Amino acid sequence: MPFPQNFLDELLARSDIVDIVGSYVSLTPKGGSYWGCCPFHNEKTPSFHVLPDKQFYHCFGCKKGGGVVNFVMEMEGLTYPDAIRFLAKRANLPVPEESSDGTEKLRSRMLALNRDAARYYYSVLQSQEGAAVQAYLDKRRIRRGIAVRFGMGAAPDSWDALLTAMTHKGYTKQELISAGLAVNGKNGRLYDKFRNRLMLPVIDVRGDVVGFGSRVLDKSEPKYMNTPETLTYSKRRILYGMNLAKKSKRSNIILCEGNLDVVTLHQAGFDNAVASMGTALTQEQLRLLSRYTKELVLCYDNDNAGQQATRRALELLNNSEFSVKVLQLPRRLVDGEYIKQDADDFIKFQGPAAFERLLTGSENGVEFRLDQIAGKYDLTDDTQRIAYAQEVSEELAKLENAVEREVYTTRAAQAAGLTPEAMRLEVERALRRKLGKERKALRRRELNPAVSVQPQERGIRYTNVRSAMAEEGVLRLLLKDESVFPEEAPLRQEEFSSPLLGRVFDRLWQLRQEGRPLSVAGLSGELSGEEMSHLTGVLQKPEATASAQRALADYIRIIREEAQKRNAQGDPLLAAQEKYKEKKGYGGKQA
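Let me begin by describing the structure that accompanies this report. What you see is a predicted model, and the numbers here were worked out from it, not measured in a lab.

Scanning the protein chain from N- to C-terminus turns up 25 helices and 19 strands. For the protein chain, the spread of C-alpha atoms along the three principal axes comes to 90 × 75 × 50 Å. When each of the 591 residues of the protein chain is scored for burial, the buried share is 49%. Within the protein chain, contacts between residues at least 6 apart in sequence are counted, and of these 63% link residues at least 24 apart. Carbon and sulfur atoms make up 49% of the accessible area of the protein chain, which totals about 29300 Å². A gap of 2 Å separates the mean positions of the 87 positive and 78 negative side-chain charges of the protein chain.

Following this line, the structure appears as structure tokens:
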């Protein structure tokens, strides 16, 4: 293990899961445990369960679960070693120096390299080499002060300027490739990835430069180029400008499409603007946003792509904890033709005060969706009014709140010139259809119980459900009351049909022999996120301890019977004996 066991034991003892989770999620005590709305998926009814005595969490909605280290890894987007360091810093516990493995050393080097590259690009912008980029910033009306605040720089028009500068600082060519700052050409020659571009360092909420965004100065392609996925940069987890927006005194956060939209808005006084890095809004980004606000304003471009991005974001945010508004930018009249504009255009041509008025009057997500649907139909035509009523009813049926449904049902009826009663009937029919589909799906799952007990992750699915159910029971008993187990291990790892459950049992038994506490949280460094989530789900199932000794004996018997059957498959004589036992009704399957 990369970290000494005694250090990990001390760290986990100092990192109470209720304290850690409670700093991100509002928790309510209930029956000896805590409940809250899950930070990993959108919900309004709490299904996120934290157990202080077991020191793990589990969501009954999205099925994610784990110990305190898993929680920090998910919330902060960290690797296991970095999550350990994060918790150690919080607990004021020194981290043993020898714990760094190769991957973490590389990540640390990449962060240092990114920081030095950002300083290099910044220095180029201040020199004659950066004159073209400075001229571009002047053309875009970006003031020097705001450029400094965002750490903007310039990549010179050279094949290897950064490569030369960074290797002189002691960085290797492989490190430059790993950080996404250099690439190999077809002829085998190494050259700078970013050349003759405006450079925009991407800084995370901890202040680390994790990557770069860039823009060309002319009309060449690609117009925008970002750092590829690296050890430090994941576009799903990052929001450009979040390091600054998190300090804003405004109550909401504005989501834009482009980096320069964010820069222009901050310059105009809207220091709560952020942008995703070339990707649609993700759950990971929502998780990050939820730490700083519960109010979002979508301000995407007013072209078709921007409208589509708005619809996708609203689907993701539907029935979430966020209050969502949509700021629709009007098209701009140029030479008798209306053209699209983004936030940057609007601020330049209309000014900050006009944007503030739009921001104040922005519509909520439901209103936006209703307007979008209404725009598809000619509501003076009876046939199209009927089609509108059917589509808008399907949309309104998605609303969980009955009062909200009633309010917007009336509004939709007014838009189409229909009576509220008629529209209400359509919505009720759509709601019944929706509930009927959900009931059918639930019934299908109930008719196939084997499906409901299977792990979600395909790679850890059970090959023998009967044995796996007994194996789950053994783990629950071991963690609930290890006193019912003998001194010697009653089962071998290879007797388990599930490799995951066998591995967990073997590790827990090893901890028992070492006299260490049996803890799910202590397995965080040895199991993947999917494996840990499945394990916490297994441990949430009921297990009576009143007759634990008898239950353990039954579980062991079933596991051994199924193991013998598996072994018999390769032996014709054993297979025949097993078949005979089942036929005679002894030693066979339980009812």
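There is more to say after this.
Quick look at the packing of aromatic side chains now. For the structure shown, the criterion picks out 21 aromatic pairs. With centroids separated by 5.5 Å and ring planes inclined at 85°, the aromatic side chains of Tyr 121 and Phe 212 adopt a geometry described as edge-to-face. Within this pair, whereas Tyr 121 is found in helix H5 (residues 102-126), its partner Phe 212 is found in strand S10 (residues 209-216), the two being separated by 91 residues in sequence. Exposure remark for Tyr 121: the relative accessible area of 1% places this residue in the buried category.

A few words on the nonpolar core. Tyr 121, Met 152, Leu 181, Phe 212, Ile 254, Leu 265 and Phe 355 are the most contacted members of the largest nonpolar core, which totals 64 residues. Looking at this core, the element that brings in the most residues is H5, giving 10 residues. If near-sequence neighbours (up to four positions away) are discounted, Leu 265 is found in contact with Ile 254, Cys 256, Phe 270, Ala 273, Ala 343, Ile 347 and Phe 355. Phe 56, Leu 478, Leu 491 and Phe 505 belong to the second largest nonpolar core, which has 37 residues in total.

Here the focus is the pairing of strand S14 (residues 273-276). Across the two faces of S14 the burial is the same, with Ala 273 and Ala 275 and Val 274 and Ser 276 all buried. Of the pairings in the sheet, the one linking strand S12 (residues 239-240) to S14 comprises 2 bridges and is antiparallel in character. Following the sheet pairing, Tyr 240 is matched in S14 by Ala 275. Summarising the sheet, strand S13 (residues 253-256) and S14 pair through 3 bridges and their orientation is parallel. Looking across to S14, one finds that Ile 254 is bridged to Ala 273. Between the parallel elements S13 and S14, the chain passes through helix H11 (residues 259-267) in a crossover that is right-handed.

This part is about H11. Among the 9 residues of H11, 9 are classified as buried, and the element is accordingly described as predominantly covered. Taken together, the buried positions of H11 are occupied by Asn 259, Leu 260, Asp 261, Val 262, Val 263, Thr 264, Leu 265, His 266 and Gln 267.

Moving on, we come to the sheet that holds strand S16 (residues 323-326). Overall, mixed pairing links the 6 strands, which are arranged S12-S14-S13-S15-S16-S19 in an open sheet. Each of the sheet's edge strands pairs with one partner strand only, and the pair in question is S12 and strand S19 (363-364). In the sheet, S13 pairs with strand S15 (residues 295-298) via 3 bridges, with the strands oriented parallel. Note on S15: the bridge partner recorded for Ile 253 is Leu 296. Docked against the sheet, helix H13 (residues 304-317) engages S15 and S16, running at close to 160° with respect to S15.

What follows covers the packing of helix H17 (residues 382-396) against helix H18 (residues 402-416). Viewed as axis vectors pointing N to C, H17 and H18 meet at an angle of 165°, and their least axial separation amounts to 11 Å. It follows that H17 is roughly antiparallel to H18 by the angle criterion. Where H17 crosses over H18, the two elements pack in a sense that is right-handed. Two secondary-structure elements touch here, H17 through Arg 385, Tyr 388, Val 392 and Leu 396 and H18 through Arg 405, Tyr 408, Thr 409, Ala 412, Ala 415 and Ala 416. By residue class, the composition of the contact of H17 with H18 is 7 nonpolar, 1 polar and 2 charged.

Judged by pairing direction, the sheet is antiparallel, and its 4 strands sit side by side in the order S6-S9-S10-S11 without closing on themselves. Each edge of the sheet is formed by a strand with only one pairing partner; in this case those strands are strand S6 (153-155) and strand S11 (224-226). The sheet shows a mean angle of 30° between the axes of neighbouring strands, taken without regard to direction. Lying over the sheet, helix H6 (residues 131-139) contacts S6, strand S9 (197-203) and S10, oriented at roughly 75° with respect to S9.

What follows concerns the environment of Ala 91. Among the secondary structure elements, Ala 91 is positioned in the loop between helix H4 (80-90) and H5. Here the alpha-carbon distance between Ala 91 and Arg 14, two residues 77 residues apart in the chain, equals 6.4 Å. Not counting residues up to four positions away in its chain, the partners in contact with Ala 91 are Leu 11 and Arg 14.

So, how was this worked out
Residues numbered from 1 in each chain as written. Predicted model: local features only at pLDDT ≥ 70, side-chain atom pairs only at ≥ 80, totals over all residues. Heavy atoms only, no water. Helix = DSSP H or I, 4+ residues; strand = E, 2+ residues; numbered from the N terminus. Buried < 20%, exposed > 50% of the residue type's maximum accessible area, 1.4 Å probe, protein only. Contact = heavy atoms within 4.5 Å. Areas by Shrake-Rupley, 256 points an atom, 1.4 Å probe, with all protein chains shown as cover. Lys, Arg positive; Asp, Glu negative; His and termini not counted. Charge placed at Lys NZ, Arg CZ, Asp CG, Glu CD. Phe/Tyr/Trp six-rings, centres within 6.5 Å; stacked < 30°, edge-to-face > 60°. Core = buried A, V, L, I, M, F, W, Y, C linked by side-chain atoms within 4.5 Å. Pairing = 2+ DSSP bridges. Right-handed = clockwise from strand over helix to strand, strands pointing away. Axes fitted to C-alpha atoms, helices over the stretch in contact; angles between N-to-C directions. Parallel < 35°, antiparallel > 145°, perpendicular 65-115°, else oblique. Left-handed = near helix turned anticlockwise from the far one by under 90°. Nonpolar A, V, L, I, M, F, W, Y, C, P; charged D, E, K, R; others polar.

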